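Here are the chains, one letter per residue:
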Protein chains: 2
Amino acid sequence: MKKMMISALIVLLAGWSVASAEDGSQLWLRLSPAKTAATVTGVKGTAMAELQTYWTGGPVVLKRQKGLAPDAYTIKSQDGKTLISAANDAGLLYGAFHLLRLQETGQTDGLDIKETPAYDLRILNHWDNPNGTVERGFAGKSIFWGDKDVLATPHSQREKSAEFAAAMKTYARANASVGINGTVLNNVNAKPEALSTASLEKAKDIADLLRPYGIRVYLSINFASPIKVGGLKTADPLDASVKKWWKDKVNEIYRMIPDFGGFLVKANSEGEPGPQDFGRTHADGANMLADVLKPHKGIVMWRAFVYSPQSPDRANQAYLEFMPLDGQFRDNVIIQIKNGPIDFQPREPYSPLFTAMQKTPMMVEFQITQEYLGAANHLVYLAPMWKEFFSFVKPNSLKAMAGVANIGDDTNWCGHHFAQANWYAFGRLAWNPALTSQQIAEEWLQQTFGAQGNLSPLTSHLSPLLQLMLDSREACVNYMMPLGIHHIFAGGHHYGPEPWYSPKGVRADWTPPYYHKADATGMGFDRTTSGSGNVKQYPEALCQQYNDINTCPENLLTWFHHVPWDFKMKSGRTFWDELCHKYDDGLRQARHFLAVWDAMQPYVDQQRFQEVQHKLRIQARDAEWWRDACLLYFQTFSKRPIPQDMDHPVHNLDEMMKFRIDITMYENPDYGYTK
Amino acid sequence: MKKMMISALIVLLAGWSVASAEDGSQLWLRLSPAKTAATVTGVKGTAMAELQTYWTGGPVVLKRQKGLAPDAYTIKSQDGKTLISAANDAGLLYGAFHLLRLQETGQTDGLDIKETPAYDLRILNHWDNPNGTVERGFAGKSIFWGDKDVLATPHSQREKSAEFAAAMKTYARANASVGINGTVLNNVNAKPEALSTASLEKAKDIADLLRPYGIRVYLSINFASPIKVGGLKTADPLDASVKKWWKDKVNEIYRMIPDFGGFLVKANSEGEPGPQDFGRTHADGANMLADVLKPHKGIVMWRAFVYSPQSPDRANQAYLEFMPLDGQFRDNVIIQIKNGPIDFQPREPYSPLFTAMQKTPMMVEFQITQEYLGAANHLVYLAPMWKEFFSFVKPNSLKAMAGVANIGDDTNWCGHHFAQANWYAFGRLAWNPALTSQQIAEEWLQQTFGAQGNLSPLTSHLSPLLQLMLDSREACVNYMMPLGIHHIFAGGHHYGPEPWYSPKGVRADWTPPYYHKADATGMGFDRTTSGSGNVKQYPEALCQQYNDINTCPENLLTWFHHVPWDFKMKSGRTFWDELCHKYDDGLRQARHFLAVWDAMQPYVDQQRFQEVQHKLRIQARDAEWWRDACLLYFQTFSKRPIPQDMDHPVHNLDEMMKFRIDITMYENPDYGYTK
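Residues numbered from 1 in each chain as written. Chains lettered and ligands numbered in written order. Predicted model: local features only at pLDDT ≥ 70, side-chain atom pairs only at ≥ 80, totals over all residues. Heavy atoms only, no water.

A. Quick peek at the interface of chain B and chain A. If you look at the interface, chain B gives 38 residues, while chain A gives 38 residues. With both chains or domains summed, chain B and chain A bury close to 3,500 Å², and 55% of this area falls on carbon and sulfur atoms. Where chain B meets chain A, there are 0 salt bridges. Joining chain B to chain A, the criterion identifies 14 residue pairs in polar contact (both at pLDDT 80 or more). Secondary-structure elements contributing two or more residues to the side of chain B that touches chain A are α18 (575-598), α19 (606-638) and α20 (653-658) of chain B. No other element matches α19 of chain B, which puts 8 residues into the side of chain B that touches chain A. Split by residue class, the side of chain B that touches chain A holds 18 nonpolar, 8 polar and 12 charged. (Contact = heavy atoms within 4.5 Å. Buried area = accessible area lost by both parts, 1.4 Å probe. Salt bridge = Lys/Arg side-chain N within 4 Å of Asp/Glu carboxyl O. Polar contact = N/O pair within 3.5 Å; in protein donor to acceptor, adjacent residues only side chain to side chain. Helix = DSSP H or I, 4+ residues; strand = E, 2+ residues; numbered from the N terminus. Nonpolar A, V, L, I, M, F, W, Y, C, P; charged D, E, K, R; others polar.)

Shown next, in the form of structure tokens:
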């Protein structure tokens, strides 16, 4: 199932590293089976099995207890035993994994813990296609799907295999260990055949394998399915035959998957069909689906990611389209909103819908896969980005949390060993958004690179790696898009810089100049009240702060303002000089990360050491590419020199402008600028 | 004649630069013709013509005066006139160019100058082949030759053209302006047809064009010419028919070129034929040629660059082969010895022959073309390297100075605008080895980038560029081969690093491991008295100093010693850490050069600014390639970490080891490591 990662093992270095090899396939769950089975009594099930296998401490009692919220648990040390209590099996399982985590990271004595998840729904969105490719996936092929023709291939060939079951079990255990309890099995850009009976049979197999770990499955649906799968002439949500088709289809699903979670819908967005095709609203569409799911306790997650090519400001549109519908959705509909108003950029302000919508259940959609953050090549720990979102949006104003998964069939699951930390952090924050980025990183590091088997103890050496992780997102912002710059990525693959990308015939809002608007006077998108007015979508205090170039946070400056090249920054530098220095800072940080990692060699197994080193080298080279491409391109507008107190570009703009990455390397990125 | 350099003009930047374009074709002779012809009286000739065209000051009198050495001159301000006196026309010409240089760089009043050249012979060696290619040439094709079949093409087609004459005039003026008075027209690896009548007719045309500027021509000869051109059965120098053939050939040459200078000979070296093929000595061969040239006042320059694949230390061999012959050469033979005992490395100790030979005329052979110093891509000002040589070898122990030219038919003559400085510096040092590197660089900078035509005055901005030039050779040593490392270049083209290069079947002394000898204990070539004994070829005091690892200069440490990785350096660092830091220093210097140059943009014309910037960017990237390749390769032996207080390699050793530069790009290098 898992294929070997393409690694650049330097054979000449073999034998130097003191630690033996690991391939990362065990994620952060590197527990060795206990030599003698632990004494675990009480409620039988997955929690008991996990503890019996891995727990090395004294007796544990698993107890069902009323009065606790679903999935919540308590852990108490009592009379030489450890007592885990919960209202449901999932709660016991989360408690068991909590105890095992403590075994790896801290104390297991004198416990008096009570944990209740912030959200009932903590869900991964897999953008996996039936043919096994993964949209914006950088870790190989889909772990769920792999058929050239999903309709023609019977499910027993693959989904019934022991290898598949083992992969699903590892995936489910990893999710359960951090509290994730839902998974959308297919791409939001959904193929109609996802709802074919053949495909649903496969989904049922997967659901059966995930169920023991408390994970319910969901499906993305194509809104035109009644036409494309059902043979109807319309998919109008108010049409009776359409409603019937959906009702029958939902009944079919629940016969196969009794605990099926519901649908995720991308409608009337980027060419996908939706209710507007039939003169209906998002509410009409979502509510029709909600009604047929309601009897089964299923839900609809309806995405707010909509924008049209005609709009002068893409950032305004989700708000404009959804605010009039506030209060019109059924109670089993949740509007799924990306954290920022554009699209998963290294830094965006929060989407103003979150503070504007008052009468509609909302959930945030984070992107764990690094579509815009260096794919699986760059080490970027995302918890600080998500925590930044929660510093603006109150966690309890949301109903759920979704993350676009970064998971594929690579041996190490995520393409980059440190990308596992983002899967981990997403789960932990979905359980408890009050956890700090540092707490989560410490937990993950200790479990992932801490003492285990033959490894030397890493604990005392954790600090530099911890700092590296905590600095990594800001470093990425610095070398890619500092000071509020956004979406100056290469067309199509979104990997490297192409701030100049603007071919004829491509819609303007898919080209960087639409966003950076660099000219002789300055750069940035004027979203003030005298510009696109986007600031007015924010609460009054923020609106005022963002609207004034002198009070707008500098890290969002060109997001909200067209900033003059000579604008005086808080550092005393001009905007142009500050921009140069930010890129330089990012490059120096990326280079520093390499030195930090290289020093870990004595403490990390050879395989993971070399694979991470290989990636960090790409990252450092890419950071240089970003600096050079962006500064030399923007310099054609600013006509100002690059400051003397920093390193200067080493590449040539004309050559960088000719460079294109071979997109055939998409799944397993091992690329960067070559000159 | 001159073709356009391949330049990467960034069109987007057009219009930014304030200064208009120059192409470098005028070298440092960027004098504008004076608006009214100066009053120049006295001896008619080239000196008078130059002054009439370019001198903008008061009346000048040119006077022949006995008692001055050949080529020497005086310049005196006297009664409102400037008086230039010399014993010969060449002396007057050098005086005229001196005065014009003062016009560009300083005062022309109150002059009382007397200049006498240190050497009678100041000569360029062109490694140009009859087909127009240039061995180790990085500035295009030959300026002299360009025929696919030199024997078949009549000389009138090319050598009689106005374009060719103009190029020869610029070349001759440039040489005369710095005192160069001889030129070897063809490669030391000489084709026999160089002595064919067809080829000699072309040489005559060239000699006629260069003669007005005091430049005599010389030819490299193939020692087997009597066989290959003359049809004899032998080239034994003691054979009467061979002697007669050479006598007839020399007579033929002098009938065509009455002031022909003589022969340069590479014999019994790297596969070239020589007297040893017939059981004779270098002295036998050189003396035979000297005897036939003597009546015409011609000379023989006989190269000491010899080494055999069997020797355990190539550095020992020139000494071993030539010392027994000391005193056996005719007085019109000069032994031409490369500055170092191996081959034009970024740093070598001086060749011990220079202090050992007492009874034989010697000349030093410097390499102006940057075979081992980054070709025409790297800015490396070579005067400091040559001055370093003269700090060990007394200038007056030599009879002449030769430089392997870096000249080709590129528009800017040398491939890199700053490579012109090395041509300039060679000439100035051949005239006066006591000049400092700084004096020469100042002169050249002021003439080459100083105020002229529309250019802004550069004078006050010279300092950073001057420092850049002065630092550049040590920077190159740092990023290529610090601490005495030598000859770890890529096989064949000698451009990038290939310390691992050691393919089967290649003779050992043509592979880097022969020189660096890295192993688990350390690296370096043990040339001490307990090693190859090479130190014993040096005078006693130096021998003792070099022999002891604790007194050996650190910049030659691995040249003379196999240095333990943990050897304590004067900095307090281990040898390994010091090595790492030297590479890091070099990289940081190369990057700094870019920043220095970028700041020159307002003061330099756009074309030269961009062309130099393009080259400096390659240099900075190459410096990173060198650091990464060398440190990662040597680390496979040292098994020590790279220090934390420096940037770490960003490339992967296995990928660098697979990389080969496309040698078809040889003439006009625009390459480097691509990953």
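B. Broad picture of the pairing of strand β5 (residues 112-115) of chain B. All names here are of chain B. The two faces of β5 differ: I113 and E115 on one face are buried, but D112 and K114 on the other face are not. As defined by bridge partners, strand β3 (residues 73-78) adjoins β5 across 4 bridges and the pair is classed as antiparallel. Across the sheet, I75 pairs through a bridge with I113, a residue of β5. (Buried < 20%, exposed > 50% of the residue type's maximum accessible area, 1.4 Å probe, protein only. Pairing = 2+ DSSP bridges.)

C. Structural detail: the pattern of salt bridges. Residues and elements named next belong to chain A. A complete count under the given rule lists 72 salt bridges over all chains for this structure. Its salt-bridge partner being E252, residue K249 comes within 2.8 Å of it at the nearest N-O pair. Of the two residues, K249 and E252 are both situated in helix α7 (residues 240-256); the distance of 3 residues between them amounts to about one turn of the helix. Comparing K249 with E252 shows no difference in burial state: the two are buried. By sharing partners, the salt bridges in this structure join E22, R30, D605 and R608 into a single network.

D. Molecular detail of the sheet that holds strand β2 (residues 60-64) of chain A. All names here are of chain A. Here we have 5 strands laid out as an open sheet, ordered β1-β2-β4-β3-β5, and mixed in their pairing. Edge positions in the sheet fall to β1 (40-42) and β5 (112-115), since each of these pairs with one other strand and no more. Between one strand axis and the next, the sheet turns through 15 degrees on average, direction left out of account. Packing against the sheet, helix α2 (residues 89-105) makes contact with β2, β3 (73-78), β4 (81-86) and β5, and its axis sits at approximately 145 degrees to β4. (Axes fitted to C-alpha atoms, helices over the stretch in contact; angles between N-to-C directions.)

These figures capture arrangement, not role.
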